[in-house]
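Chain by chain, the residues run as shown.
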Amino acid sequence: MNIHATDTITVRRVSAGEAREHAAPLAEALADVLIDCVEGGASVSFMLPLPRARALAFWHGVLEDVARQERVLLVAQTTAGCIIGTVQLITALPDNQPHRADVAKMLVHRDARRRGVAAQLLAAVDQAAREEAKSVLVLDTVTGGDAERLYQRAGWQAVGSVPNYALMPDGAYCGTTFFHKQLAV
Ligand SMILES: CC(C)(COP(=O)(O)OP(=O)(O)OC[C@H]1O[C@@H](n2cnc3c(N)ncnc32)[C@H](O)[C@@H]1OP(=O)(O)O)[C@@H](O)C(=O)NCCC(=O)NCCS
């Protein structure tokens, strides 16, 4: 992945039209980020090895949800338009939770880490949530992982942890910590 120190990273929302009309190149770019994260040991629903076809199928499903306006997809990209990070806001929830959304699949390519990309994505999550009139956000992450500090810095409150909730990509059990954030919309 070509990332230069001088690159300006911008975060943008993928529109429903773009998700419909440009699904193939978007899925390819997002698969690159997902596979890199899983190969780097991130517990984000997938096990190793992660075949490219499986990663592509996952992103095509996400893009279908975006096209139906059931999910918000944010991407972080370089000046040259290369996608290096992403996060989602799942907005289609049960009828009794119209004010709530789940945040999922916060992923930053290893070559682009530790320069504030995830923090930028989280700020954009708050903005997108307000646009969608969502005032209660929930997410979960690996207990003791790097992302816990990220969410705490961005004002998320830890609720508690469930031991042995999921597996790491290599098959080891890991705990999961649940976080929430209340927004004024
Ligand atoms: C967790 C993850 C999203 C963080 O992405 P990131 O873009 O590196 O995050 P940030 O750059 O905002 O912050 C990471 C660190 O870099 C530091 N940092 C941010 N900007 C920096 C800069 N310009 N110079 C130096 N350090 C910087 C932050 O303070 C933070 O430090 P810490 O880890 O010691 O607390 C990324 O590691 C990742 O994709 N991991 C795999 C997938 C995953 O686990 N996702 C979470 C699922 S819930």
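Residues numbered from 1 in each chain as written. Predicted model: local features only at pLDDT ≥ 70, side-chain atom pairs only at ≥ 80, totals over all residues. Heavy atoms only, no water.

Participant: Would you mind going over the nonpolar core with me for this structure?
Facilitator: In globular proteins that are soluble, nonpolar side chains generally tend to be buried together. Core analysis: the largest hydrophobic core is formed by 28 residues, its most contacted members being Leu-89, Val-103, Met-106, Leu-121, Leu-137, Tyr-151 and Trp-156. Elements with a minimum of two residues in this core: strand 2 (71-77), strand 3 (83-90), strand 4 (100-108), helix 4 (117-131), strand 5 (136-142) and helix 5 (146-153). Top element by residues in this core is helix 4. It accounts for eight residues. Residues Leu-30, Val-44, Ala-55 and Ala-67 belong to the second largest nonpolar core, which totals 26 residues. (Core = buried A, V, L, I, M, F, W, Y, C linked by side-chain atoms within 4.5 Å. Buried < 20%, exposed > 50% of the residue type's maximum accessible area, 1.4 Å probe, protein only. Helix = DSSP H or I, 4+ residues; strand = E, 2+ residues; numbered from the N terminus.)

Participant: Can you help me understand helix 3 (residues 52-67) in this one?
Facilitator: Given 3.6 residues to a turn, an α-helix orients residues that are three or four positions apart in the same direction. Here helix 3 is 16 residues long and its end C-alpha atoms lie 22 Å apart, about the 22 Å a rise of 1.5 Å per residue gives. On its buried face, helix 3 is in contact with helix 1 (16-21), helix 2 (23-39), strand 2, strand 3 and strand 4. (Expected span 1.5 Å × (residues − 1). Contact = heavy atoms within 4.5 Å.)

Participant: What is the right way to read a nonpolar patch on the surface from this model?
Facilitator: Side chains of Met-47, Leu-167 and Tyr-173 sit close together on the surface and give an oily, nonpolar patch of about 310 Å² of accessible area. Inspection of the secondary structure puts Leu-167 in strand 6 (residues 157-167). (Patch = residues over 30% accessible without salt bridge, like charges linked within 9 Å, V, L, I, M, F, W, Y side chains within 5 Å. Areas by Shrake-Rupley, 256 points an atom, 1.4 Å probe, with all protein chains shown as cover. Salt bridge = Lys/Arg side-chain N within 4 Å of Asp/Glu carboxyl O.)

Participant: Sorry if this is basic, but what is going on with the site of the ligand here?
Facilitator: Around the ligand sit 19 residues in total, of which Met-106, Val-108, Arg-114, Gly-116 and Arg-153 are the nearest. In the model, a nitrogen atom of the ligand is placed 2.7 Å from a nitrogen or oxygen of the Met-106 main chain. Here an oxygen atom of the ligand sits 3.2 Å away from a polar atom, N or O, in the main chain of Ala-119. Protein coverage of the free-state accessible area of the ligand, which is 940 Å², stands at 71%. Of all the secondary-structure elements, those providing two or more residues to the shell around the ligand are strand 4, helix 4, strand 5 and helix 5. Top contributing element to the shell around the ligand by residue count: helix 5, with five residues. Among the residues making up the shell around the ligand, the classes are represented as eleven nonpolar, two polar and six charged. (Near = heavy atom within 4 Å. Polar contact = N/O pair within 3.5 Å; in protein donor to acceptor, adjacent residues only side chain to side chain. Nonpolar A, V, L, I, M, F, W, Y, C, P; charged D, E, K, R; others polar.)

Participant: Would you mind going over helix 5 with me for this structure?
Facilitator: Looking at helix 5, one finds that the buried residues are Glu-148, Leu-150 and Tyr-151. The arc that holds every buried residue of helix 5, seen down its axis, measures 160°, which confines them to one face. Structural note: helix 5 exposes Asp-146 and Arg-153 on the side pointing more than 90 degrees away from its buried face. As for helix 5, its buried residues are in contact with strand 4, helix 4, strand 5 and strand 7 (173-182). Where helix 5 ends, the next residue or the one after it, Gly-155, has phi of about 90°, a positive value. (Arc of directions from axis to C-beta.)

Participant: Can you walk me through the packing of aromatic side chains in this structure?
Facilitator: The geometry of an aromatic ring pair is captured by two quantities: the separation of the ring centres and the angle between the planes. Per the stated rule, a full pass over the model turns up five aromatic pairs. A centroid spacing of 4.9 Å and a plane angle of 70° characterise the contact between Phe-58 and Trp-59, whose relative ring orientation is edge-to-face. Under the relative-accessibility criterion, Trp-59 is labelled buried at 0%. Note on Tyr-151 and Phe-179: the rings are 5.8 Å apart at their centroids and 55° apart in plane angle, and the pair reads as tilted. Pair noted here: Tyr-151 is in helix 5 and Phe-179 is in strand 7, with a separation of 28 residues, a long-range link. (Phe/Tyr/Trp six-rings, centres within 6.5 Å; stacked < 30°, edge-to-face > 60°.)

Participant: Explain unusual backbone geometry to me, please; I cannot follow it from the model alone.
Facilitator: Omega for the bond connecting Leu-48 with Pro-49 falls within 30 degrees of zero, at -5°, which places this linkage in the cis form. Positionally, Pro-49 belongs in the loop between helix 2 and helix 3. If you check the backbone angles, Ser-45 has positive phi at about 90° while not being a glycine. With respect to the helices and strands, Ser-45 occurs in the loop between helix 2 and helix 3. Unlike most non-glycine residues, Gln-69 shows phi in positive territory, near 60°. Inspection of the secondary structure assignment puts Gln-69 in the loop between helix 3 and strand 2. Relative accessible area serves as the criterion here: at 63%, Gln-69 is assigned to the exposed category.

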